[in-house]
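So the chains spell out like this:
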Amino acid sequence: MNTTTGIAYTFSIDEVTARYAVENFSNVVYKVSWVYSGINTLGVAASLGPSYVNFQFDPSNADGFVDSSSLTKSTIKGWLEQKLDHMIPTMQENIANQISAQGVPYKVVLDLPD
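Because the structure is predicted, anything quoted here is derived from the model rather than measured.

## Comments concerning the confidence of the model for the protein
Right, so step 1: For the protein, the mean per-residue pLDDT works out to 91, and 96% of the residues sit at or above 70.
Right, so step 2: Model confidence for the protein, summarised as mean pLDDT per element, is weakest for strand β1 (residues 2–4) at 55 and strongest for strand β4 (residues 45–54) at 96.

## Focus: the environment of Lys31
Right, so step 1: Topologically, Lys31 is positioned in strand β3 (residues 25–40).
Right, so step 2: In the structure, Lys31 is positioned 14 residues away from Thr17 in sequence and 5.1 Å away in space, judged by C-alpha atoms.
Right, so step 3: Those residues in contact with Lys31 that sit more than four places away from it in its chain are Glu15, Val16, Thr17, Tyr52, Val53 and Asn54.

## As for the packing of aromatic side chains
Right, so step 1: Applying the stated criterion across every chain yields a total of seven aromatic pairs.
Right, so step 2: Summarising the aromatic geometry, the rings of Tyr9 and Tyr36 are spaced 5.9 Å apart at their centres and angled 10 degrees between planes, so their arrangement reads as stacked. Of this pair, Tyr9 sits in strand β2 (residues 7–22) while Tyr36 is found in strand β3, placing the two residues 27 residues apart along the sequence.
Right, so step 3: For Tyr9, a relative accessible area of 3% corresponds to the buried category.
Right, so step 4: When the ring of Phe11 is compared with that of Tyr36, the centres are 4.5 Å apart and the planes differ by 45 degrees; the resulting orientation is tilted. A residue pair is termed long-range when its members are at least 10 positions apart, and Phe11 in strand β2 and Tyr36 in strand β3 qualify at 25 residues.
Right, so step 5: Overall, the relative accessible area of 2% leaves Phe11 in the buried class.
Right, so step 6: You can call Tyr36 buried: its relative accessible area is 3%.
Right, so step 7: An aromatic cluster is present here, built from Tyr9, Phe11, Trp34 and Tyr36 joined pairwise through their rings.

Calculation rules
- Residues numbered from 1 in each chain as written.
- Predicted model: local features only at pLDDT ≥ 70, side-chain atom pairs only at ≥ 80, totals over all residues.
- Heavy atoms only, no water.
- pLDDT = per-residue confidence, 0-100.
- Helix = DSSP H or I, 4+ residues; strand = E, 2+ residues; numbered from the N terminus.
- Contact = heavy atoms within 4.5 Å.
- Phe/Tyr/Trp six-rings, centres within 6.5 Å; stacked < 30°, edge-to-face > 60°.
- Buried < 20%, exposed > 50% of the residue type's maximum accessible area, 1.4 Å probe, protein only.

In structure tokens, the structure reads:
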């Protein structure tokens, strides 16, 4: 989660698609479907997506290959952040504009202690 100007941003993973086998490797991720969301301190939220990113795997250069048994959403989110690094500032600006356009919520649900 990345927090900028009072907005917390995060990737959500919708679907991870893998090829059954690529040479001697199995379950090789080649596509990730994602949503990028932001929520401000007042609980106003906006998102971009769903969208997807394709990944290329070169079996002759398998450094960094993560076996599917060790794969986590955190790993996938790291891949997305790396792959979309050049787009993230624009995505955050878009989400911030969507949140700003919604204004201040007219009601708040209070979570009171017992």
